[in-house]
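# Secondary and tertiary structure notes
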Amino acid sequence: MVSELQKFIESDSVIFGARESLRYANKISKAFVPVDCRDRIVEMLIRKKIDVEQIGMTKKEIAEKLGLEFYCEVFGIKN
């Protein structure tokens, strides 16, 4: 799952963060969220008709695997 997300990041097809993903919901087809994502955020994504898929890792683990310098709660995949 993380390797798939890495490919999207490398191709500049990811919108990082819950706020930005919700703001640009019309440009997102799918969102990946970590296991420690807030339920409220997942509900808001679903209400915006975004397909949500949970990654079996925490925000910290994902940041370490991807080499990110920040924790991210939502990875929105652009259409």
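Use the structure listed above.
The rules behind these values
- Residues numbered from 1 in each chain as written.
- Predicted model: local features only at pLDDT ≥ 70, side-chain atom pairs only at ≥ 80, totals over all residues.
- Heavy atoms only, no water.
- Pairing = 2+ DSSP bridges.
- Helix = DSSP H or I, 4+ residues; strand = E, 2+ residues; numbered from the N terminus.
- Right-handed = clockwise from strand over helix to strand, strands pointing away.
- Core = buried A, V, L, I, M, F, W, Y, C linked by side-chain atoms within 4.5 Å.
- Buried < 20%, exposed > 50% of the residue type's maximum accessible area, 1.4 Å probe, protein only.
- Axes fitted to C-alpha atoms, helices over the stretch in contact; angles between N-to-C directions.
- Contact = heavy atoms within 4.5 Å.

## Quick notes on the pairing of strand β3 (residues 51-55)
When a strand is regular, its side chains alternate between the sheet's two faces. Note: strand β2 (residues 28-34) against β3, five bridges, orientation parallel. Across the sheet, the residue bridging to Ala31 is Val52, located in β3. A crossover links β2 with its parallel partner β3, the connecting element being helix α3 (residues 39-47), and its sense is right-handed.

## Re the nonpolar core
Counting 13 residues, the largest nonpolar core has Leu5, Phe32, Ile55, Ile62, Leu66 and Phe75 as its most contacted members. Those elements giving two or more residues to this core turn out to be α1 (2-10), α4 (59-66) and β4 (75-78). In terms of residue count, the dominant contributor to this core is α4 (three residues). Counting residues in each nonpolar core, the second largest holds 12 residues, with Leu22, Val33, Ile41 and Leu45 among its members.

## Considerations on the pairing of β4
Where strand β1 (residues 14-16) and β4 come together, three bridges link them in antiparallel fashion. Looking across to β4, one finds that Val14 is bridged to Ile77. Sheet topology places β2 next to β4; four bridges connect them, and they run antiparallel. Looking at β4, one finds that Phe32 is bridged to Phe75.

## Re the sheet that holds β4
With mixed pairing, four strands are arranged side by side in an open sheet as β1-β4-β2-β3. Bordering the open sheet on either side are β1 and β3, each of which pairs with just one other strand. The sheet shows a mean angle of 25° between the axes of neighbouring strands, direction not considered. Against the sheet, α1 touches β1, β2, β3 and β4, its axis set at about 100° to β1.

## Describing the environment of Ile77
As for its placement among the helices and strands, Ile77 is situated in strand β4. Relative accessible area serves as the criterion here: at 4%, Ile77 is assigned to the buried category. Ignoring anything within four residues of it in the chain, the contact list for Ile77 reads Leu5, Phe8, Ser13, Val14, Lys27, Ile28, Ser29, Lys30 and Phe32.

Purely geometric numbers; function is a separate question.
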